[in-house]
Amino acid sequence: MILGLSCLLNAQTLQETIDYSIAHNYQLQILEEERAIVEEQKSIEGLWDDPVLQMGINDLQSDKPFSRNIEAMQNQFVALSQTIPLSKKLEVASQIESEKINLIEEQKEALKVNIAFGIREAFIKANNAKHTLEILDAYIDFLNKPMELLIHLSAVQRDSVDKYIKTQLLQKSYQLQRQNALQSIEIAKEQIERIGNLKIDFFTDSVLEQNLHENSLDALVEKVLERNPQLGIANVLKEVASQGIDLAREKEQADLKVTGGYYQRFDRNDYVSFSVAYPLFVRGKQEKQRVQALRRANIQNLSYEKTKVELEQALKIALHELKALHKELAILEESRLKILKLIENAKSELSIGGSLIRYYELFSKKTENALASNKKNLAVLLIKNQIRQLLGEI
């Protein structure tokens, strides 16, 4: 069944692949089940303890065990006990479970963001590898294509050009880059299958580029603090720990246990009893538990601040790297335009005895420039994908 669905998705867009992957992710399904469990636990936490029913017989005589009217202490009874909370600990415990539901929702969002990040990364690498193949194949086709000008060269010149072409075709670096590009596409397919639980034969579209480096740092930081699910998780954990302090404080108030019983006697009047039990907290256990809760809350506060700083630093580093890459791409673009100009000049000079080898060499430089630009573009898209992950985008 999964294979059938995969075949239907082979020609789908990037967003459709992300949507399918999210809809069929096992971990998200697990989190849904965990959410249902916590919702039940929330209602459980708000309930009183069940009453305790007690039945018994008092004062059995060893010599006459079946005689029940020898003395007044002999009776059989039924008693009922109920623990009554005198604090708001049940309400607080129920509120903590509500926060745990929020935690699961944040975990789901984080997982969705990571799924989208992984799918986009696979598409980015696959399309970049396809572009690498196009550059290499175009260059190889150019080298293999016979030129009319070759017939006008002398034997020595023709031999020299022929050797150059053969040398370029035998370049191991081009062969290796081509193999790596093909391998990158296969790895991207495997990544899609691992993340999205689906097979894909080819990639139909590319990841739309966003000019994130043109946004102000303050605006992006604000978006990260608002949307990043990892920070959302840290914030919920901080709230859970804060309510843990309230719960520990409420538990410093002991519960009251009330017991009522009906006692039956033979040949004597029946009677009822009533008792109240109240524990005495004299060991300081509850106070120590409150101190522990305070420390746990402090840990979560520190974790939140740590996560916040790490996200901000990750964003700043990514933006610096992005700006540096755009500068390098601008330099490569200037070089490309210069090479195209030189190619145009070299081609026009061929009819008046210009060097054909020089013409081929310039095409080699054009290919090297295109490959270098393609590699930089890959780095740019991967960093932008990381920034989108920091921004909590799906």
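The text that follows walks through the structure, step by step, so that each part is easy to find.

About the criteria used
Residues numbered from 1 in each chain as written. Predicted model: local features only at pLDDT ≥ 70, side-chain atom pairs only at ≥ 80, totals over all residues. Heavy atoms only, no water. Helix = DSSP H or I, 4+ residues; strand = E, 2+ residues; numbered from the N terminus. Buried < 20%, exposed > 50% of the residue type's maximum accessible area, 1.4 Å probe, protein only. Contact = heavy atoms within 4.5 Å. Areas by Shrake-Rupley, 256 points an atom, 1.4 Å probe, with all protein chains shown as cover. Phe/Tyr/Trp six-rings, centres within 6.5 Å; stacked < 30°, edge-to-face > 60°. Lys NZ or Arg CZ within 6 Å of the ring centre and 35° of its normal. Core = buried A, V, L, I, M, F, W, Y, C linked by side-chain atoms within 4.5 Å. Salt bridge = Lys/Arg side-chain N within 4 Å of Asp/Glu carboxyl O. Patch = residues over 30% accessible without salt bridge, like charges linked within 9 Å, V, L, I, M, F, W, Y side chains within 5 Å. Pairing = 2+ DSSP bridges. Axes fitted to C-alpha atoms, helices over the stretch in contact; angles between N-to-C directions. Parallel < 35°, antiparallel > 145°, perpendicular 65-115°, else oblique. Left-handed = near helix turned anticlockwise from the far one by under 90°. Nonpolar A, V, L, I, M, F, W, Y, C, P; charged D, E, K, R; others polar. Expected span 1.5 Å × (residues − 1). Polar contact = N/O pair within 3.5 Å; in protein donor to acceptor, adjacent residues only side chain to side chain.

Brief notes about the overall build of the chain
For the chain, the count of helices and strands is 10 helices and four strands. Tracing the chain from N to C terminus, the helices and strands come up as α-α-α-β-β-α-α-α-α-α-β-β-α-α. Classification of the 394 residues of the chain by burial places 37% in the buried group. Taking contacts inside the chain between residues at least 6 apart in sequence as the whole, the part at least 24 apart equals 81%. For the chain, the accessible surface area stands at approximately 23,800 Å², while carbon and sulfur atoms represent 54% of it.

Section: the packing of aromatic side chains
Under the defined criterion, the tally for this structure stands at eight aromatic pairs. Between Phe142 and Tyr360 the ring centres are 5.1 Å apart and the planes differ by 45°, which places this aromatic pair in the tilted class. Remark: Tyr360 occurs in helix H10 (residues 356-390) and Phe142 occurs in helix H4 (residues 89-144); sequence separation between them is 218 residues. Residue Phe142 shares its accessibility class with Tyr360, and that shared class is buried. Here Phe142 and Phe363 contribute two aromatic rings whose centre-to-centre distance is 4.0 Å and whose plane-to-plane angle is 20°, an arrangement assigned as stacked. Highlighted residues: Phe142 in helix H4 and Phe363 in helix H10, separated in sequence by 221 residues. Aromatic ring contacts, followed pair by pair, group Phe142, Tyr359, Tyr360 and Phe363 into a single cluster. The ring of Tyr304 has Lys238 lying over it, and the distance from NZ or CZ to the ring centre is 4.1 Å.

Remarks on the nonpolar core
Ile18, Ile115, Ile119, Phe123, Ile192, Ile200 and Phe203 are the most contacted members of the largest nonpolar core, which has 26 residues in total. For this core, the secondary-structure elements that each account for two or more residues are helix H2 (14-23), helix H3 (26-45), H4 and helix H6 (172-196). Here the element with the most residues in this core is H4; it accounts for 11 residues. Residues Leu319, Leu325, Val380 and Leu390 belong to the second largest nonpolar core, which totals 18 residues.

Comments concerning the pattern of salt bridges
Considering all chains together, one arrives at 16 salt bridges under this definition. Here Lys306 and Glu310 are joined by a salt bridge, their closest N and O atoms 2.9 Å apart. Placement of the pair is Lys306 and Glu310 together in helix H9 (residues 285-349), with a separation of four residues, close to one helical turn. One salt-bridge network, in which partners are shared between bridges, spans Glu32, Arg35, Glu39, Glu105 and Lys108.

Overview of a nonpolar patch on the surface
On the surface, Leu53, Met55, Val78 and Leu80 cluster together into a nonpolar patch covering about 420 Å² of accessible area. Elements that contribute at least two residues to the nonpolar patch include exactly strand E1 (52-58) and strand E2 (75-84). Summarising the element assignment, Leu53 is placed in strand E1.

A word on the sheet that holds strand E3 (residues 256-264)
If you walk across this open sheet you meet the four strands as E1-E2-E3-E4, and the pairing is antiparallel. Sheet topology places E1 and strand E4 (271-277) at the edges, where each strand pairs with a single neighbour. Each neighbouring strand pair of the sheet contributes to a mean axis angle of 20°, computed without reference to strand direction. Note that E1 and E2 share seven bridges and pair antiparallel. Paired with Ile57 across the bridge in E2 is Gln76.

Remarks on the packing of H2 against H4
In the contact formed by H2 and H4, the axes pass within 10 Å of each other and the chain directions differ by 140°. Between H2 and H4, the interaxial angle falls into the category oblique. The two elements H2 and H4 meet at a crossing, and its hand is right-handed. Between H2 and H4, the residues in contact are Leu14, Thr17, Ile18, Ser21 and Ile22 and Lys112, Ile115, Ala116, Ile119, Arg120 and Phe123, respectively. In the contact of H2 with H4, the residues fall into seven nonpolar, two polar and two charged.

Thoughts on helix H8 (residues 229-250)
The end-to-end C-alpha separation of H8 is 31 Å, in line with the 32 Å expected for 22 residues at 1.5 Å each. Listing the buried residues of H8 in full gives Pro229, Leu231, Gly232, Ile233, Ala234, Val236, Val240, Ala241, Gln243, Ile245, Leu247 and Ala248. Between the side-chain oxygen at the start of H8 and the backbone nitrogen of Gln230 there is a gap of 2.9 Å, and the oxygen is on Asn228.

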